[in-house]
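This is what each chain is made of:
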Amino acid sequence: MPLCGLSSNSYEDVFYCNLEEILVIGKMIRLFKVKEKQRELSENSNGKPPVKKQSAGELRLDKDISELNLPKTCGISFPNGKDDLMNFEVTIRPDEGYYLGGIFTITFQISPIYPHDAPKVKCKTKVYHPNIDLDGNVCLNILREDWKPVLNINTIIYGLYHLFTEPNHEDPLNADAAAVLRDNPRMFELNVRRAMAGGYVGQTAFTRCI
């Protein structure tokens, strides 16, 4: 059967016919890509590049942040700016208990599959605390075995605040601090005040946070 309407069946005619078709298709593909790019640009104001599609974790985090209802002793900030909402800091200023008057910064790192994964939380401020070790790791049950996707950022912040107002010697990360809290609460209080003032507890130096 003749190709492309040609009467000749020679290989030369077939080759030139196919080459012409390939060039036409190539032009059509390039034109399609140009039009697609123009469409994407027109959908964004001021001709800016298309906005990156948010992950499920980002969408859920947006919801959590919009629904925050924090006590006056807690605040939230985004050190990397509005383009990185998945990494933020929470500041806790306890107004009662052993840590009264202290200022403690907690970092949050949110997974792209949040809330199926709990946030990674660390205490940026070095603190003498039975439930927070000297590297900033935090022992909070809702961040570990009791985590459920129905929990949210607001719940975690309240849990962290509770750690500072009512530290627990029964579930320690800092065993020495837990033992002092259990056996000698008055000595524990003195150690906390010394640490927050930027002094030493034993051989460990702390940075002033009061």
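Presented here is an overview of the structure given in this document. (Residues numbered from 1 in each chain as written. Predicted model: local features only at pLDDT ≥ 70, side-chain atom pairs only at ≥ 80, totals over all residues. Heavy atoms only, no water.)

The end-to-end C-alpha distance of helix α5 (residues 185-196), which contains twelve residues, comes to 16 Å, matching closely the 16 Å that a straight helix rising 1.5 Å per residue would cover. For α5, the full list of buried residues reads Phe188, Asn191, Val192, Ala195 and Met196. Within α5, the buried residues cover an arc of 125° as seen down the axis, which keeps them to one side. On the buried face of α5, the contacting elements are β3 (104-109), α4 (175-183) and β5 (200-201). Immediately beyond the C-terminal end of α5, within one or two residues, lies Gly198, with a positive phi of roughly 90°. (Helix = DSSP H or I, 4+ residues; strand = E, 2+ residues; numbered from the N terminus. Expected span 1.5 Å × (residues − 1). Buried < 20%, exposed > 50% of the residue type's maximum accessible area, 1.4 Å probe, protein only. Arc of directions from axis to C-beta. Contact = heavy atoms within 4.5 Å.)

In this section: the packing of α4 against α5. Between α4 and α5, whose axes approach to 5 Å, the crossing angle comes to 135°. In terms of orientation, α4 lies oblique with respect to α5. Packed against α4, whose contacting residues are Ala177, Val180, Leu181, Arg182 and Asp183, the element α5 presents Pro185, Met187, Phe188 and Asn191 at the interface. Classifying every residue of the contact of α4 with α5 by side-chain character gives six nonpolar, one polar and two charged. (Axes fitted to C-alpha atoms, helices over the stretch in contact; angles between N-to-C directions. Parallel < 35°, antiparallel > 145°, perpendicular 65-115°, else oblique. Nonpolar A, V, L, I, M, F, W, Y, C, P; charged D, E, K, R; others polar.)

Let us now look at the packing of aromatic side chains. Summed over the entire model, instances satisfying the criterion amount to nine aromatic pairs. Geometrically, the ring pair formed by Phe104 and Phe164 is stacked, given 4.5 Å between the ring centres and 25° between the ring planes. Placement of the pair is Phe104 in strand β3 and Phe164 in helix α3 (residues 153-165), with a sequence separation of 60 residues. Using a relative accessible area of 0% as the deciding quantity, one classes Phe104 as buried. Relative to Trp147, the ring of Tyr114 has its centre 6.2 Å away and its plane inclined at 35°; by these criteria the two rings are tilted. (Phe/Tyr/Trp six-rings, centres within 6.5 Å; stacked < 30°, edge-to-face > 60°.)

Here Ser111 is to be found in the loop between β3 and β4 (120-123). When the C-alpha positions of Ser111 and Asn87 are compared, they lie 9.4 Å apart, and in sequence the two are 24 residues distant. Sequence-distant contacts of Ser111, that is, excluding residues within four places in its chain, are made with Gly57, Met86 and Asp117. Within the structure, Ser111 has its side chain in polar contact with the backbone nitrogen of Ile113 (distance 3.1 Å). (Polar contact = N/O pair within 3.5 Å; in protein donor to acceptor, adjacent residues only side chain to side chain.)

Purely spatial values, then, with no claim about function.
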